[in-house]
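Spelled out, the chains give:
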Amino acid sequence: MQLVPVIFAAVVAGLWSAPYLSLAAVLCWPLSATLLLAAYLLRQRTVFAMALLFFGCSLLANLLYPLQLKSNAIVDRAELSSAKLGISGIVVSVGQRADERSSLDLRVNALKTADEDWPITEPFLLRLFLDQQPEGVLPDDRVTFAGRVRKPRLFGTPGEFNWPRTLASQGVQATAWLKDVTQLQVEPGVDYSVGRSLAVWKNHARGVINASLATEQAELVRALVLGEGRSLSDKTRRILAASGISHLFAISGLHLGLLALFGYRLLLVVYRRFDRLLLWQPPQRVLPLLLLPALLTYLLLTGDAVATRRAFCLAFVAALLLLWRRQVQPLRLLFSLALIFLLINPLLLWQPSWQLSFAGAAGIALWRPVWQDLLRPLPAYLRMPLGLLLVTVAATLATLPLVMLNFHLLAPVGPLANLLCVPLVAMLALPCGLVGLLMLPSLPFLAEYCFLCCGYVLEFSLAVAAWLTGLPGLAGQYHFLTLQESLALFIFVLPLLLIWQLKGNMKKILLACSALFTALSMWGLQPSAQAITLNMLSVGQGESMLLNNRHQQAILVDGGGLYSDRFDVGERLLAPALGSLGVKKLTAVVLTHDHPDHRKGLHFILENFAVEQFWSGAPLLDLHPELQQLIVEKGIRFHRVAVGWTATDLWVDNEILLFRAEDPTFDKNDGSLVLYLQDMENGLLLTGDLAQAGVAVLLAAGFPGPVSLLKLPHHGSRNSGTERLLDFLMPQSCLVSAGYKNRYRLPAKELLAQLETRKIKLLRTDLQGTIRAESTLQGWQLSD
């Protein structure tokens, strides 16, 4: 039994369990040390010794996790102040984003208010988001601006991507935003540094590419050659993701490998001209070392991405092994590098780029016997395309569970698209781009032609990918899986990767075990009876609620939606939440009123989930055009709620009633739909964004039954007549959906005081995240 895979598996297990199982450091440090000491003293690779080693390393990894997420006192103070601060720091890096936006990573060393300077004993890294690209800002420059410091935080929805942890893995402890780039004061830094020189070269290359090519071509070339994949438009990114070729436009091991290959061939020609060199050492022992500075320069130039760093480390170790004439199995080397990466930065385990990089390389290494043994007898014209296809299939299988877990997108056309596009990009576009970079300092006019050729090839490749995804059955498909479904997918894929490494009966045992575990996982996915539940999803300054019953019927009431067009609440929050909660189809969607903070998230849901019915208080033709189009295209049955209380047949056992008030003077808020549900003695009332006039009409109409759980109208506004509802209904508990530190300061202080006076419990999404209410014999049981 090999040590490295055991230690790697232990570290992964310890880190992965850490967010759910935080162990007491006081007890676990000595326990882990004891286990490791016992494993060392045994010095035998028996099952018992390996178990001691596994649990000891796993405990240590579990304890390392919270150390990576420790807070900074000055950041906590700035977050609590909520005031604009004078912020000054040194630029560490400059990032390019889509729509001419950018970001600066700053090492902040000065904070101040109008009255005082805040002492900073330990500078922290802040990511400043800018709506424009700053002119001439380079690493080591000092910048000063006025802004609010924010700690990265989760919305608090199930299945949400952990953005704060991703930033923490990059060392970023706080964020800020600046709308007007002219408010940024810049002082030039030192005249020379490696980072500054590379940034100047990169800016020059970016300028030449932008001036020489059309906008779309320039974006593609910059992504491929300079590592600026974030500058690609949303449309382009969707095509690349749906066709499974996004990895071609992210700087990776492919780019570094081709650069090494071209450099090796060039140096080999020179090396062979000198007999003394050939007599001294064979070229394969010396030239890989000579290429390392060039590879390191390209790594730093393109932003030091995780995949490129992994490829460089592999190249570095391989060069040393060639020099020492040592042979190491590729998988063992890969496991060793992955373990070193995790020990240096444990939070990399949750970075999708790190996961996909090592998983893809592992899949290719596991399938290496296929093209070594099976393809060797074939002629070259068959061996090359079949080898490329097998490499693509191996990498796709290895990364499939991770892609579904992180991005939820299945690309059926991926192997075919890679078979066609990889040669175009790897053999034509990338060499042209790299040659253009090399020629840029001395032969700029030839560099422009190289970039132009690169742009045409990439544009053609993108067109091929778009055409393939348009073929019947080959379009990218979103699938939002539960954690259990992801585990079943992993168990199903694992034997397909390992089967070429095993022989004889081991293959049969592996396949049988995999089939058994997959069957058990899928059996565990069968729906079970449950109580009626309400999940008030935390979607920022908006509103969205999910109702479930015992028959696995689900109703989505509103879809949230931030006013920013750069964050799709439906894609980023609602869909992962529905998938995590096991919802595959919706019995109905209820839109209380057509305001962006209640409607925008529904676009993605209607497009990617099966929805049977859509209920609204407004006619179909009065809804937002995108909603109209989706409802018609998907064949969703549309219902307009009549004035007053309307009984629906949405659920099997429980009657759901909808109420609509109508008055020519009402705005959309007062025209909000109201939903009532009663289960046993538990009454639930969802009031949309009713204001005083709408509340008055609702009170005059009366209620179908008791209300023990009330969703406060209009996010807890002071002008919604909520106190009248509280006095009339006397609910036991209330819910409110509001954004964290929202600019409207909701829920209002006056309303909070009224609830406290009446001793009514309040749960709010801005503080508790997603709130779950379950109907029981003892009433509504609330949890967050």
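Details of the structure are given in the entry above.
Overview of the structure.

**Some thoughts on the overall build of the protein**
Reasoning step 1: Across its full length, the protein carries 28 helices and 24 strands.
Reasoning step 2: Based on the C-alpha atoms only, the size of the protein along its principal axes is roughly 100 × 70 × 60 Å.
Reasoning step 3: In the protein, the share of contacts with a sequence separation of at least 24, taken over all contacts with a separation of at least 6, comes to 69%.
Reasoning step 4: Carbon and sulfur atoms make up 62% of the accessible area of the protein, which totals about 37600 Å².
Reasoning step 5: For the protein, the distance from the average position of its 65 positive side-chain charges to the average position of its 56 negative side-chain charges is 13 Å.

**Quick notes on the sheet that holds strand 16 (residues 644-647)**
Reasoning step 1: The seven strands lie next to each other as 16-17-18-19-20-21-22, forming an open sheet whose pairing is mixed. Strand pairing shows two members of the sheet lacking a second neighbour, strand 16 and strand 22 (761-764), which therefore form its edges. Averaged over neighbouring strand pairs, the angle between their axes works out to 20° when direction is ignored.
Reasoning step 2: Relative to strand 18 (residues 674-679), strand 17 (residues 656-660) is paired through four bridges, and the arrangement is antiparallel. Looking at strand 18, one finds that Ile656 is bridged to Leu677.
Reasoning step 3: Contacting strand 16, strand 17, strand 18 and strand 19 (682-686), helix 25 (residues 692-701) runs over the sheet at an angle of about 125° to strand 17.

**Here we look at the sheet that holds strand 13 (residues 585-591)**
Reasoning step 1: The sheet built from eight strands is open, its strands ordered 15-14-13-12-11-10-23-24 with mixed pairing. Here the strands that pair on one side only, and so sit at the sheet edges, are strand 15 (637-640) and strand 24 (779-783). Strand-to-strand twist across the sheet, computed as the mean angle between neighbouring axes with direction ignored, equals 20°.
Reasoning step 2: Direction of pairing for strand 12 (residues 554-557) relative to strand 13: parallel, over a ladder of three bridges.

**A closer look at the pairing of strand 21 (residues 733-736)**
Reasoning step 1: The alternating pattern of strand 21 places Ser733 and Leu735 on one face and Cys734 and Val736 on the opposite face, and all of these are buried.
Reasoning step 2: The pairing of strand 20 (residues 709-711) with strand 21 spans three bridges and is parallel. The residue bridging Lys711 from the neighbouring strand is Leu735, located in strand 21.
Reasoning step 3: Handedness of the crossover joining strand 20 and strand 21 through helix 26 (residues 722-729): right-handed.
Reasoning step 4: The pairing of strand 21 with strand 22 spans four bridges and is classified as parallel. Counterpart to Val736 in the pairing with strand 22 is Arg764.
Reasoning step 5: Once the chain exits strand 21 it traverses helix 27 (residues 749-757) before rejoining the sheet at strand 22, and the crossover so formed is right-handed.

**Considering the side chain of Gln541**
Reasoning step 1: You can see Gln541 is positioned in the loop between strand 10 (533-536) and strand 11 (545-548).
Reasoning step 2: On the basis of relative accessibility, which here comes to 13%, the residue Gln541 falls in the buried class.
Reasoning step 3: Within the structure, the side chain of Gln541 is placed 2.8 Å from the backbone nitrogen of Gly739, a separation counted as a polar contact.
Reasoning step 4: Here Asn742 takes part through its side chain, which lies 3.5 Å from a polar atom of the side chain of Gln541.
Reasoning step 5: In this view, Gln541 contacts Gly561, Leu562, Asp597, His715, Ala738, Gly739, Asn742, Tyr744 and Leu746; residues no more than four positions away in its chain are not counted.

**Thoughts on the nonpolar core**
Soluble, globular proteins show a tendency: their nonpolar side chains are buried together.
Reasoning step 1: Among the nonpolar cores identified, the biggest contains 52 residues, and Phe451 and Leu458 are the most heavily contacted of them.
Reasoning step 2: Of all the elements in the fold, those that place two or more residues in this core are helix 6 (194-212), helix 7 (215-226), helix 8 (234-243), helix 9 (253-271), helix 11 (283-301), helix 12 (306-324), helix 17 (414-439) and helix 18 (444-469).
Reasoning step 3: Every residue in contact with Leu458, bar those within four places of it in the chain, is listed here: Leu220, Val221, Leu224, Phe249, Val425 and Ala429.
Reasoning step 4: Grouped together as the second largest cluster of nonpolar side chains are 30 residues, Val569, Ala575, Val583 and Phe614 included.

**Notes on the packing of helix 6 against helix 18**
Reasoning step 1: One way to put it is that helix 6 packs onto helix 18 with a least axis distance of 10 Å and a crossing angle of 65°. Regarding helix 6 and helix 18, the two cross each other, and that crossing is right-handed. Together, Val208, Ile209 and Ser212 of helix 6 and Glu448, Phe451 and Leu452 of helix 18 make up the contact between the two elements.
Reasoning step 2: A class-by-class count of the residues in the contact of helix 6 with helix 18 yields four nonpolar, one polar and one charged.

**Points about the side chain of Thr308**
Reasoning step 1: Along the chain, Thr308 turns up in helix 12.
Reasoning step 2: Note on Thr308: relative accessible area 0%, which makes it buried.
Reasoning step 3: In this structure, Thr308 is in contact with Ile251, Ser252, Leu256 and Leu299, ignoring residues within four places of it in sequence.

**Description of a nonpolar patch on the surface**
Reasoning step 1: A cluster of nonpolar side chains, contributed by Trp16, Tyr20, Leu21, Leu405 and Leu483, occupies part of the molecular surface with about 540 Å² of accessible area.
Reasoning step 2: With respect to the helices and strands, the residue Leu21 is situated in the loop between helix 1 (3-17) and helix 2 (25-42).

**Here's the deal with the packing of aromatic side chains**
Any aromatic ring pair is given by two values, namely how distant the centres are and how the planes are angled relative to each other.
Reasoning step 1: Overall, the coordinates contain 15 aromatic pairs when judged by the stated rule.
Reasoning step 2: Between Phe614 and Phe638, the ring centres sit 6.1 Å apart and the planes meet at 15°, which makes this aromatic pair stacked. In this pair, Phe614 is assigned in strand 14 (residues 610-616) and Phe638 in strand 15, connecting sequence segments 24 residues apart.
Reasoning step 3: Classification of Phe614 by relative accessible area gives buried; the value is 0%.
Reasoning step 4: Of the aromatic side chains, those joined through ring pairs into one cluster are Tyr478, Phe480, Phe604 and Phe609.
Reasoning step 5: Taking the ring centre of Trp118 as reference, the NZ or CZ of Arg77 above it sits at 3.9 Å.
Reasoning step 6: The cationic tip of Arg153 hangs over the ring face of Tyr740; the distance from NZ or CZ to the ring centre is 3.8 Å.

**Section: the pairing of strand 5 (residues 142-147)**
Reasoning step 1: Residues Val143, Phe145 and Gly147 of strand 5 are buried on one face, while the alternating residues Arg142, Thr144 and Ala146, pointing to the opposite face, are not.
Reasoning step 2: Pairing geometry for strand 1 (residues 85-96) and strand 5, over six bridges, is antiparallel. What sits directly across from Gly89, in strand 5, is Val143.

**Regarding helix 8**
Reasoning step 1: Turning to helix 8, its buried residues number three or more, namely Thr236, Ile239, Leu240, Ala242 and Ser243.
Reasoning step 2: Two residues or fewer past helix 8, Gly244 is found with a positive phi of approximately 75°.

Cut-off values and rules
- Residues numbered from 1 in each chain as written.
- Predicted model: local features only at pLDDT ≥ 70, side-chain atom pairs only at ≥ 80, totals over all residues.
- Heavy atoms only, no water.
- Helix = DSSP H or I, 4+ residues; strand = E, 2+ residues; numbered from the N terminus.
- Contact = heavy atoms within 4.5 Å.
- Areas by Shrake-Rupley, 256 points an atom, 1.4 Å probe, with all protein chains shown as cover.
- Lys, Arg positive; Asp, Glu negative; His and termini not counted.
- Charge placed at Lys NZ, Arg CZ, Asp CG, Glu CD.
- Pairing = 2+ DSSP bridges.
- Axes fitted to C-alpha atoms, helices over the stretch in contact; angles between N-to-C directions.
- Buried < 20%, exposed > 50% of the residue type's maximum accessible area, 1.4 Å probe, protein only.
- Right-handed = clockwise from strand over helix to strand, strands pointing away.
- Polar contact = N/O pair within 3.5 Å; in protein donor to acceptor, adjacent residues only side chain to side chain.
- Core = buried A, V, L, I, M, F, W, Y, C linked by side-chain atoms within 4.5 Å.
- Left-handed = near helix turned anticlockwise from the far one by under 90°.
- Nonpolar A, V, L, I, M, F, W, Y, C, P; charged D, E, K, R; others polar.
- Patch = residues over 30% accessible without salt bridge, like charges linked within 9 Å, V, L, I, M, F, W, Y side chains within 5 Å.
- Salt bridge = Lys/Arg side-chain N within 4 Å of Asp/Glu carboxyl O.
- Phe/Tyr/Trp six-rings, centres within 6.5 Å; stacked < 30°, edge-to-face > 60°.
- Lys NZ or Arg CZ within 6 Å of the ring centre and 35° of its normal.

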